[in-house]
Amino acid sequence: MTSENLGFSSRAIHAGQEPDPLTGAVVPPIHQVSTYKQDGVGGLRGGYEYSRSANPTRAALEECVAALEGGERGFAFASGLAGEDTVLRALLAPGDHVVVPSDAYGGTYRLFNKVVRAWGVDHSIAKVADVESVRAAMRPETRMVWVETPTNPLLGIADIEAIAAVAHEAGALLVVDNTFASPYLQNPIALGADVVVHSTTKYAGGHSDVVGGAVVVAPGATTRDGESVAERVAFHQNSMGAVAGPFDAWLVLRGLKTLAVRMERHCDNAEAVVDFLQSHPGVASVHYPGLPDHPNHDVARRQMKRFGGMVAFRVKGGEDVAAKVCGETQLWTLGESLGGVESLIEHPGRMTHASVAGTELEVPADLIRLSVGIEDVEDLVADLRQALDRLT
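Residues numbered from 1 in each chain as written. Predicted model: local features only at pLDDT ≥ 70, side-chain atom pairs only at ≥ 80, totals over all residues. Heavy atoms only, no water.

Quick look at the packing of aromatic side chains now. All told, the structure shown has 4 aromatic pairs when counted by the stated rule. Measuring from ring centre to ring centre gives 5.2 Å for F8 and Y184, while their planes differ by 70°; the resulting arrangement is edge-to-face. Residue F8 is located in helix α1 (residues 8-14), and its partner Y184 is located in helix α7 (residues 182-185); the two are separated by 176 residues in the primary sequence. Residue F8 is classed as buried on the basis of its relative accessible area of 13%. (Phe/Tyr/Trp six-rings, centres within 6.5 Å; stacked < 30°, edge-to-face > 60°. Helix = DSSP H or I, 4+ residues; strand = E, 2+ residues; numbered from the N terminus. Buried < 20%, exposed > 50% of the residue type's maximum accessible area, 1.4 Å probe, protein only.)

Here's what the structure looks like:
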């Protein structure tokens, strides 16, 4: 039985993770090793010579994440940004142009604006929820369109299939950051994306105990010059070296095994939290793709299995009230990151998105972002209620 014929959870538990042939261990071992004995000069066992180039534990993760995303090949990195940087270096050159979203993770935009731009790659900002905005931002030198969906932190939704058509018509590649949805809720490659990126720190790992990234390349994806995208990324992964360590890879593999059941609970809890927030007089607006009045709700319903565990809302009273609410919760932990089993609350303007202050990506000052965990939802709602009742 091939992994293509298996359901999501079966692939998450078994793809790349056959029992160890020597001992029968059902969990892939942690190959905490830097180098490998060769059977004569150039006689590699299984293709392993040095763990920057390949490591069996990392290879297991890469095979698994590729199977979950429906990709040709997967790559595991030391962080999500390390994976993003490798994609950009592998597929772009000075003089190229990228279309990037107006609502995106601050660290991603910092990479484009402060690092890649200095290398000679320019970018334009487009509202990815509006396909025509993306089309208008395209130039003759555009080689890539970069999309987050849902976006961070405003939970905007991009029509992956429609934007893929715009990108491909111009000979550009479409890269989709699928971190917020996870491969359980959304598969961008099936909708036309050429490359999918993840911060595996988030839902893939799921336990706030590992930092990592992943890149998955669509079957047969090629550059405008006809080069294999997978081979380009593989070359740069090895050449640049920001790979996932074996223990980190093992932790992400462990997290993926329970991704399906965790995501269902994240979604259940998020929907209950959204219902509460909509009814609270201190809340000005709620951002959640599952709401019928959310822009592109119909697109989200079409391309996502459910609507995810991330929620954003704006409070009445402005920035100071928003910041104080974040500090007044007890069960919700004030902290950056997302996607773990515990619920997190943060003020994007002063925390995760402080680096985009003063740019077109600046977020509303009264915005609060929630990563809804898998605790008892009654407790989560009660904690939000006491903080909001006191401060709004």
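Let us look at unusual backbone geometry. For the bond from T149 to P150, the omega torsion is -5°, close enough to zero to count as cis. By secondary structure assignment, the location of P150 is in the loop between β4 (142-148) and α6 (160-169). With an omega dihedral of 15°, the bond running from N152 to P153 counts as a cis peptide bond. For P153, the position within the fold is in the loop between β4 and α6. One non-glycine residue, S208, lies in positive phi territory at about 55°. The exposure class assigned to S208 is partly exposed, which follows from its relative accessible area of 47%.

What follows covers the nonpolar core. Nonpolar side chains tend toward joint burial in soluble globular proteins. Formed by 63 residues in total, the largest nonpolar core has its most connected members in V273, L277, V311, F313, I368 and L370. Sorting elements by how many residues they give to this core places helix α10 (residues 259-279) first, with 9 residues. Filtering out sequence-adjacent residues up to four positions away, I368 remains in contact with V311, A312, F313, V315, A322, V325, C326, I345, E346 and P348. Membership of the second largest hydrophobic core comes to 38 residues, among which are V87, V229, A230 and A234. (Core = buried A, V, L, I, M, F, W, Y, C linked by side-chain atoms within 4.5 Å. Contact = heavy atoms within 4.5 Å.)

Before going further, it helps to spend a moment on the pattern of salt bridges. Tallied over the full model, the rule gives 23 salt bridges. One salt bridge in this structure joins E231 and R73, with 3.4 Å as the shortest N-O distance. Here E231 is found in helix α8 (residues 229-240), whereas its partner R73 is found in strand β1 (residues 73-77), with 158 residues between them in sequence. With a closest N to O distance of 2.7 Å, R254 and D209 form a salt bridge. Remark: D209 occurs in the loop between β6 (195-199) and β7 (213-217) and R254 occurs in helix α9 (residues 246-257); sequence separation between them is 45 residues. Overall, the relative accessible area of 37% leaves D209 in the partly exposed class. (Salt bridge = Lys/Arg side-chain N within 4 Å of Asp/Glu carboxyl O.)

On to the confidence of the model for the protein, then. Confidence in the prediction of the protein, expressed as mean pLDDT, is 96, and 99% of residues score 70 or more. Across the protein, the element-wise mean pLDDT spans from 94 in helix α4 (residues 106-116) up to 99 in β7. (pLDDT = per-residue confidence, 0-100.)

Taken in spatial order, the 5 strands make up an open sheet running β8-β9-β12-β11-β10, and their pairing is mixed. Since the sheet does not close on itself, it has two edges, and those belong to β8 (283-287) and β10 (333-334), each with one partner. In terms of strand pairing, strand β9 (residues 310-315) meets strand β12 (residues 367-371) through 5 bridges, oriented antiparallel. From the neighbouring strand, A312 faces β12, where its bridge partner is R369. (Pairing = 2+ DSSP bridges.)

With mixed pairing, 7 strands are arranged side by side in an open sheet as β1-β7-β6-β5-β4-β2-β3. The open sheet terminates on both sides in strands that have one partner only, identified here as β1 and β3 (122-126). Between one strand axis and the next, the sheet turns by 20° as a mean value, whatever way the strands run. Two elements, β4 and strand β5 (residues 173-177), share 5 bridges in a ladder whose sense is parallel. Opposite E148, over in β5, you have D177 as the bridge partner. (Axes fitted to C-alpha atoms, helices over the stretch in contact; angles between N-to-C directions.)

What follows is about helix α12 (residues 319-328). Turning to α12, its buried residues are V321, A322, V325 and C326. Down the axis, α12 shows its buried residues gathered within 140° of arc, on one side only. On its buried face, α12 sits against β9, β10, β11 (344-346), β12 and α13 (377-391). (Arc of directions from axis to C-beta.)

Here α8 contains 12 residues, and its C-alpha end-to-end distance of 16 Å stays within 8% of the 16 Å for a straight helix at 1.5 Å per residue. Among all positions in α8, only V229, A230, V233, A234, H236 and Q237 are buried. Against the buried residues of α8 lie α2 (56-69), β1, α3 (80-91), β5, β6 and β7. The distance from a side-chain oxygen at the start of α8 to the backbone nitrogen of A230 is 3.4 Å, and the residue carrying that oxygen is S228. Once α8 ends, the next one or two residues include G241, with phi positive near 85°. (Expected span 1.5 Å × (residues − 1). Polar contact = N/O pair within 3.5 Å; in protein donor to acceptor, adjacent residues only side chain to side chain.)

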